[in-house]
Amino acid sequence: MHHRVVIGITGASGAAYTIRFMELLARLGIEVHVAASAMGRRLLFEELDIRHFTGEAMLGPELADQVVIHTTNDFGATISSGSFQHDGMVILPCSSNTLNSIAAGLTGTLIQRAAAVCLKERRKLVIAHRESPLSPIDIESMSKLNRAGAIIAPLSPGFYMLPKTLDDLVDFMVGRLMDQLGYDHKLPVRWKGSADKQDVNPTASGLPQSDA
Ligand SMILES: Cc1cc2nc3c(=O)[nH]c(=O)nc-3n(C[C@H](O)[C@H](O)[C@H](O)COP(=O)(O)O)c2cc1C
């Protein structure tokens, strides 16, 4: 099958993750299908000064051909149909509004519809949510979607690879999302263990684990 991924961009913070993820997919030759909510487009503008919802404005001329833009709320779009085959959908970033709407079974936007199709067709759906703290309703929705087969992947980068820049943090998170889709990448996300650091590693050296 031709490799395709669906990306839903909603109005949560984290546009840098979206653009980097799309770039890596496009560089692998994967067809990137993108839908954005009105607030998703607003966040592209607020955070990255992206003024047009086009492949070229998001990824530049070299990779633009890999991007298929879907008009917001065109329910006639291919990604709205269960017959459209793809490797998975990632909602990146996913707002609480969209998280809770999908959990409620609503399909009033193209992103919600494409996500509902993933659940009914048992296709991979990754929800890269961003909000903190979580409301009890967010938590219930996450639990419900998890039971329905979605992967809840909060935008919560780790620091154990010792990031030096914001790009490093973005790459860590994006690398973990690439892992979810099973795609190859060389981003620094793999912890190599620290059993050799006996002097600072109480669990490896047998030192007491509490200083008390
Ligand atoms: C600058 C800005 C940042 C926002 N960040 C978040 C966020 O991180 N998480 C979130 O759930 N909503 C956030 N919002 C609010 C959502 O955009 C808003 O709830 C909207 O209804 C989401 O609609 P959508 O799901 O159709 O994109 C933010 C709004 C703005 C203007």
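Read on for a plain summary of the structure. Here the structure is a predicted model, which means the values were calculated and not measured.

Next up on the list: helix α2 (residues 38-48). Taken as a whole, α2 has its buried residues at Gly-40, Leu-43 and Leu-44. An end-on view of α2 places all buried positions within 105° of arc, on one side of the element. Buried residues in α2 make contact with β1 (4-9), α1 (15-27) and α3 (55-59). The first or second residue beyond α2 is Asp-49, which carries a positive phi of 60°.

Where α1 meets α2, the axes come as close as 9 Å, and the angle between the chain directions of the two elements is 100°. Regarding the angle of α1 to α2, the classification is roughly perpendicular. Across the interface between the two elements, Ala-15, Ala-16 and Ile-19 of α1 pack against Leu-43, Leu-44, Glu-47 and Leu-48 of α2. Of the residues belonging to the contact of α1 with α2, the class tally is six nonpolar, no polar and one charged.

As a further point, take the side chain of His-86. Along the chain, His-86 falls in the loop between β3 (67-70) and β4 (89-94). According to the relative accessible area criterion, His-86 is buried, its value standing at 9%. A distance of 3.0 Å separates a polar side-chain atom of His-86 from the backbone nitrogen of Gly-88.

Right, let's get into the environment of Ile-91. In this structure, Ile-91 sits in strand β4. For the pair Ile-91 and Ile-7, spaced 84 residues apart in sequence, the C-alpha to C-alpha distance is 5.7 Å. Residues within four places of Ile-91 in sequence aside, it is in contact with Gly-8, Thr-10, Thr-98, Ile-102, Ile-111, Ala-115, Leu-125, Val-126, Ile-127 and Ala-128.

What counts, and where the lines are drawn
- Residues numbered from 1 in each chain as written.
- Predicted model: local features only at pLDDT ≥ 70, side-chain atom pairs only at ≥ 80, totals over all residues.
- Heavy atoms only, no water.
- Buried < 20%, exposed > 50% of the residue type's maximum accessible area, 1.4 Å probe, protein only.
- Helix = DSSP H or I, 4+ residues; strand = E, 2+ residues; numbered from the N terminus.
- Arc of directions from axis to C-beta.
- Contact = heavy atoms within 4.5 Å.
- Axes fitted to C-alpha atoms, helices over the stretch in contact; angles between N-to-C directions.
- Parallel < 35°, antiparallel > 145°, perpendicular 65-115°, else oblique.
- Nonpolar A, V, L, I, M, F, W, Y, C, P; charged D, E, K, R; others polar.
- Polar contact = N/O pair within 3.5 Å; in protein donor to acceptor, adjacent residues only side chain to side chain.

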